[in-house]
2 protein chains.
Amino acid sequence: MSGKVLVIGGNAAGMTAAGRAKRLDPSLQVTVLELSHFISYSICGLPHYVFGEVERHEDLIAFTPEKLKRERGIEALVRVMATEILPGRRRVVCRRLDENRESELDYDRLVLATGYLPEAPNVEGVELEGVLTLSRLEDGIRLRQEVAAGSNRRVVVVGGGYVGLMMTHGLTKQGAQVTLLERNRQVYSEVDEDMARLIERELERNGVRLFLSTRVERLMGTDGRVQRVVAGEVEIPADLVLLDVGIRPNTKLGASAGIACGTSGALQADARGQTNLAGVYAAGNCAETRNLITGRPMFSKLGTTAARQGRVVGENLAGLRSAFPGTLETSIERVFNLCVARTGLTLRQALTAGFDAKGALISHTDRAGYLSGSRPLHVKIIFDKSSKKLLGGQLIGEDAAGKRIDTMAAALTAGMGLEDLARLDLAYAPPYGTLWDPFQIAAHAAMRG
Amino acid sequence: MSGKVLVIGGNAAGMTAAGRAKRLDPSLQVTVLELSHFISYSICGLPHYVFGEVERHEDLIAFTPEKLKRERGIEALVRVMATEILPGRRRVVCRRLDENRESELDYDRLVLATGYLPEAPNVEGVELEGVLTLSRLEDGIRLRQEVAAGSNRRVVVVGGGYVGLMMTHGLTKQGAQVTLLERNRQVYSEVDEDMARLIERELERNGVRLFLSTRVERLMGTDGRVQRVVAGEVEIPADLVLLDVGIRPNTKLGASAGIACGTSGALQADARGQTNLAGVYAAGNCAETRNLITGRPMFSKLGTTAARQGRVVGENLAGLRSAFPGTLETSIERVFNLCVARTGLTLRQALTAGFDAKGALISHTDRAGYLSGSRPLHVKIIFDKSSKKLLGGQLIGEDAAGKRIDTMAAALTAGMGLEDLARLDLAYAPPYGTLWDPFQIAAHAAMRG
């Protein structure tokens, strides 16, 4: 099935779809359009670049357009904005930003991988200099410049999600006094409140000033540069403000061409990535996916989902019949000395989804207690009270303990229950764990009721 | 279902069965007989005691008989040898070793949890002083005394299995010159030869003298104390010799009472642990279990299997209907800086079992390559060529990477195939992994063929 494949968006989903399609069917002529200067870089690696663990931003980039052309035979055009899809003529109108010149590209199949956009709080002052988000490589470069210029003494982070926590961690480690403002009653709503408490304690232990249930009202500045954040009765001096108040799927291009959006706000596509427009696929964070536990459509925020979806779309472009099963939103994150990981539904999400759900939280150690260096490991499992089926898992430990969440991800994917989890044959040796794995101990606790 | 429960063997399987039964049905009168001085200790923790990471051997003990009586209401009698089962009269003849006095104990239900016995090579000199095995706490105490007495300058370890590798590692770290003699072409037959090569290189890198395909012929000594090991043309001076040439199920008591032994040599019992004698259960390493992949009976060497089987037997004693699904022989072990883990079948085991099996081995990194400190992770998956079903997994990495094997254990238990593994939603963040998990990269490689 040869032909012209046009991919809009040169990161996780788009690049994976392009690479997979071309590898499976080298006769395809694959072109990638990218709005920014860069393709194929690790968005998750940005904080590591910002805080200097990664020397050069180039180190985050797997493929430059030149390398992509040479090694994979894929054309990538950067600084190109796709402005309109003409589905009847199978053409895309685009503008080369550096030349401000419009042109049209035709396609046999089109892949929308336009990702997400950061939300901005709808308050006065968000346009001030020194107010940043972190969602693209350019943002990382700008933030690193701010840090290098010394504007990281007093920092206010707005929003305690994945990015907000990473920023708080990194800036604090660099000596900044960070104030974290979170509008909800807990940070990191990817885990339940009882687990979030452990994260909040860790933040405070490391000198972060944390305000929960606090909504930013206004950013104030002088000469166009931010100086203060006003939130209720609190007024916090700030040399730098980082916003992490949410992301939304970037659907404008697709929607205006007539692609339906789902209840999640993302572009509707079936499990193969096919939209309602003939020959047009959507993949990654702009596309709706399905929650593996509830079966319902959702907007996934993760790069892993994007890459897995991109792979499926790439396979379909090459003529295979490939379907994306859905997401558990499995994730892992470092917050100072803690490693926080989660998969499936939180208890709150499970109850909202209509499950008669319950959670079991246990605190154990990450290795045999008689060995020095054994450290606490907090594990929570969520399950359905009547069917005993597993619905989700959460883990907070130290170091690399978090990758243990993958066991829960596999168990959830297989539809296992408490009993199945308790009987898994898991690895044990004193330096690496305990005779019963903490997830199994949680299952035992859950079965006792 | 009240009554007298007698458990023979006071470690992983026996103690778990006793504890679980008593907890579920407090009306049971549970008595545990133990041949040695100690109950309820961590056999896996022995090396850590021998090499001083654990100060006192008492630290390895979860329950003394006194604590067990007080906290759990279970009677434990140590230094008691059960010499005969009288199944018709539901009595066990036993001898109190310290008093050399025989008595009889009656039971309503009996649990055999007599564990395993170390094999000794059938060669001259194994009875010499300074020739040790390590399978009970007493062995650990004796070995630590030898080490303290300085007889750990020149050590010969015979057999490169789990215990042999642990001993080699620990003694080398303490400054001994260790020679490891392995009769097979590879150490650690729990993994395939290609993975074992990585272990062998690590041994040599740490100064261990390794001889493969080398069979011990004779141990020689003076004044009853070992001095030399003769193996083919090699003659090695030795202050201490450690034997790890295999273990076998300790079945004598059960077999002489008429319990059938299976092809594996272990006591036959059904999934509930019930033997062919009414009211008599077998659990742990003396009892046969089933391999989860082949479905065939086997002898498991692991404490995790013993504990899980003990739990099932305890539940059945308390009137629940509980069944043990079988084992994957999932294990994890430290060898110097490597963490070695495995689950399911090796390629060799799979071929022997009649599968049209193939392996895919990939070398990757344990975290994003652009971060400093990223380290190699070698992963092998075994699968059936026609059905694409997973049959096993192996992993060699550093630090705690080995617990990632649990993901494979869950996938194997669920009967997943290559495609299922490739599509699992696993956790990713740069400090903890790579966008595609190494097991998924191995699945991709396997699917490419």
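For the structure, see preceding data.
Below or above, wherever it landed, is the structure these notes cover. (Residues numbered from 1 in each chain as written. Chains lettered and ligands numbered in written order. Predicted model: local features only at pLDDT ≥ 70, side-chain atom pairs only at ≥ 80, totals over all residues. Heavy atoms only, no water.)

1. As for the interface of chain B and chain A
Heads up, the rule is: Should any heavy atoms of two residues lie within 4.5 Å, those residues are counted as being in contact. By buried area we mean how much accessible surface two parts lose on assembly, using a 1.4 Å probe and totalling the loss over both. Criterion for a salt bridge: a side-chain nitrogen of Lys or Arg within 4 Å of a carboxyl oxygen of Asp or Glu. Between N or O atoms, a polar contact is any pair within 3.5 Å; within protein, one atom must be a potential hydrogen donor and the other a potential acceptor, and residues adjacent in sequence are included only when both atoms are from side chains.
Contacts between the two partners involve 62 residues from chain B, matched on the other side by 62 residues from chain A. In this assembly, chain B packs against chain A so that about 5200 Å² is buried in total across both faces, 62% of it on carbon and sulfur atoms. Contact with chain A buries area across many residues of chain B, yet Arg423(B), Asp425(B) and Tyr432(B) alone supply 17% of it, more than any other trio. If you look at where chain B meets chain A, you find 6 salt bridges. The closest approach of N and O atoms between Lys403(B) and Asp437(A), which form a salt bridge, is 2.9 Å. Linking chain B with chain A are 32 residue pairs in polar contact (both at pLDDT 80 or more), by the criterion used here.

2. Considerations on helix α12 (residues 438–448) of chain B
So the rule is basically this: Here's how the labels work: a residue is buried when its accessible area is under 20% of the maximum for its type, exposed when over 50%, partly exposed in between, all with a 1.4 Å probe on protein chains only. In this text, helices come from DSSP runs of H or I with a minimum length of four residues, and strands from runs of E with a minimum of two, each type numbered from the N-terminal end.
Of all 11 residues in α12(B), 8 are buried; the element is thus mostly enclosed. For α12(B), every residue scored as buried is listed here: Pro438(B), Phe439(B), Gln440(B), Ala442(B), Ala443(B), His444(B), Ala445(B) and Ala446(B). At its buried positions, α12(B) is contacted by α8 (303–317) of chain A together with β23 (357–365), β24 (376–384), β25 (390–398), α10 (405–413) and α11 (418–423) of chain B. For α12(B), the capping residue at the N-terminal end is Asp437(B), with a side-chain oxygen 2.9 Å from the backbone nitrogen of Phe439(B). Where α12(B) ends, the next residue or the one after it, Gly449(B), has phi of about 85°, a positive value.

3. Looking at the sheet that holds strand β5 (residues 91–96) of chain B
All names here are of chain B. To keep it simple, the criterion reads: Between any two strands, at least two bridges found by DSSP are needed for them to pair. Fitted lines through C-alpha atoms give the axes, limited to the stretch in contact for helices. The angle between two N-to-C directions lies from 0 to 180 degrees.
Judged by pairing direction, the sheet is antiparallel, and its 3 strands sit side by side in the order β4-β5-β6 without closing on themselves. Each edge of the open sheet is held by one strand with a lone partner, namely β4 (80–86) and β6 (101–106). Pairwise comparison of adjacent strand axes, ignoring direction, gives a mean angle of 25° for this sheet. Taken together, the 6 bridges between β5 and β6 define a ladder with antiparallel strand orientation. Within β6, the residue paired with Val93 across the bridge is Glu104.

4. Things to note about the packing of helix α1 (residues 12–24) of chain A against α8(A)
Residues and elements named next belong to chain A. Formally: Here is the rule for angles: anything less than 35 degrees is roughly parallel, anything more than 145 is roughly antiparallel, 65 through 115 is roughly perpendicular, and the remaining ranges are oblique. The handedness criterion is simple: a crossing whose near helix is rotated anticlockwise from the far helix by less than a right angle is left-handed, and one whose near helix is rotated clockwise is right-handed. The classification used treats Ala, Val, Leu, Ile, Met, Phe, Trp, Tyr, Cys and Pro as nonpolar, Asp, Glu, Lys and Arg as charged, and all other residues, Gly among them, as polar.
Their axes nearest at 7 Å, the elements α1 and α8 cross at an angle of 30°. What the angle tells us is that α1 and α8 run roughly parallel. Where α1 crosses over α8, the two elements pack in a sense that is right-handed. Where α1 abuts α8, its residues Ala12, Ala13, Thr16, Ala17, Arg20, Ala21 and Leu24 lie against Gly303, Ala306, Ala307, Gly310, Arg311, Val313, Gly314, Glu315 and Leu317. A breakdown of the residues in the contact of α1 with α8 according to their chemical character gives 9 nonpolar, 4 polar and 3 charged.

5. Side note on the side chain of Thr346(A)
Residue and element names in this part refer to chain A. Along the polypeptide, Thr346 turns up in the loop between β22 (338–344) and α9 (347–352). Residue classification places Thr346 among the buried positions, given a relative accessible area of 0%. Look past the residues within four positions of Thr346 in its chain and what remains in contact with it is Ser189, Glu190, Val191, Asp192, Ile382 and Gln394.

6. Thoughts on the pattern of salt bridges
With the rule as written, the count across this model stands at 64 salt bridges over all chains. Here Lys385(A) makes a salt bridge to Asp356(A), at a shortest N to O gap of 3.7 Å. Of this pair, Lys385(A) sits in the loop between β24 (376–384) and β25 (390–398) while Asp356(A) sits in the loop between α9 and β23 (357–365); the two residues are 29 residues apart in sequence, bridging distant segments of the chain. The partner of Glu202(B) in a salt bridge is Arg205(B), and the shortest N-O contact between them spans 2.5 Å. Of the two residues, Glu202(B) and Arg205(B) are both situated in helix α6 (residues 193–205); the distance of 3 residues between them amounts to about one turn of the helix. On the accessibility criterion, Glu202(B) (3% relative accessible area) is buried. In this structure, a network of salt bridges that share partners links the residues Arg20(A), Arg311(A), Glu315(A), Glu419(B) and Arg423(B).

7. As for the packing of aromatic side chains
In this description, a pair of aromatic rings is defined by centroid distance and the angle of the planes. Our working rule: Within 6.5 Å between ring centres, the rings of Phe, Tyr and Trp (the latter by its six-membered ring) count as paired, and their orientation is classed by plane angle as stacked under 30 degrees, edge-to-face over 60, tilted in between. Both a distance and an angle decide whether a charge sits over a ring: NZ of Lys or CZ of Arg must be within 6 Å of the ring centre and within 35 degrees of the ring normal.
Under the counting rule described, the total for this entry stands at 2 aromatic pairs over all chains. Between Phe38(A) and Tyr41(A) the ring centres are 6.5 Å apart and the planes differ by 85°, which places this aromatic pair in the edge-to-face class. By relative accessible area, which is 16% here, Phe38(A) ends up buried. According to the relative accessible area criterion, Tyr41(A) is buried, its value standing at 7%. The ring of Trp436(A) has Arg311(B) sitting right over it, with the charged end atom 5.6 Å from the ring centre.

8. Considerations on the nonpolar core
Looking at soluble globular proteins, one finds that nonpolar side chains tend to be buried together. Just so we agree on the cut-off: Note on terminology: a nonpolar core comprises buried Ala, Val, Leu, Ile, Met, Phe, Trp, Tyr and Cys residues joined through side-chain atoms within 4.5 Å.
Core analysis: the biggest nonpolar cluster contains 78 residues, and Ile381(A), Leu390(A), Ile381(B) and Leu390(B) have the highest contact counts within it. The residues touching Leu390(A), leaving out its near neighbours within four places in the chain, are Ile381(A), Ile382(A), Phe383(A), Met408(A), Ala411(A), Leu412(A), Met416(A), Gly417(A), Leu418(A) and Leu421(A). Residues Val50(B), Phe51(B), Leu180(B) and Val191(B) belong to the second largest nonpolar core, which totals 46 residues.

9. Some points on the relation of the copies chain B and chain A
Keep this limit in mind: For the least-squares superposition of copies, only C-alpha atoms count, and only for residues with pLDDT at least 70 in both.
Structural alignment of chain B on chain A gives an RMSD of 0.0 Å, achieved by rotating through 180° and translating 0.0 Å along the axis. The superposition operator between the copies reduces to a two-fold rotation axis. Judged by C-alpha distance, Thr407(B) is the residue of chain B that lies nearest the rotation axis, at 2.2 Å. A high fraction, 100%, of the interface residues of chain B reappear at the interface in chain A, so the copies pair face to face through one surface.

10. Let's talk about the pairing of β24(B)
All names here are of chain B. Burial analysis of β24 places 8 of its 9 residues in the buried class, which makes it a mostly covered element. Sheet topology note: the β23/β24 ladder contains 9 bridges and is antiparallel. Bridge assignment links Ala357 to a residue of β24, and that residue is Asp384. Here β24 pairs with β25 via 6 bridges, running antiparallel.

11. A closer look at the sheet that holds strand β15 (residues 234–237) of chain A
Residue and element names in this part refer to chain A. If you trace the 3 strands from one edge of the open sheet to the other, you get β13-β14-β15, paired in antiparallel fashion. Only two strands of the sheet have a single neighbouring strand rather than two, namely β13 (218–222) and β15. Taken pair by pair, the neighbouring strands of this sheet meet at an average axis angle of 25°, ignoring direction. As judged from the 5 bridges shared by β13 and strand β14 (residues 225–231), these two strands associate in the antiparallel manner. Across the sheet, the residue bridging to Thr222 is Arg225, located in β14.

12. Focus: the environment of Gly319(A)
All names here are of chain A. Tracing the backbone through its elements, the reader meets Gly319 in the loop between α8 and β21 (331–335). Classification of Gly319 as partly exposed rests on a relative accessible area of 44%. With 294 residues separating them along the chain, Gly319 and Asp25 place their C-alpha atoms 8.4 Å apart.

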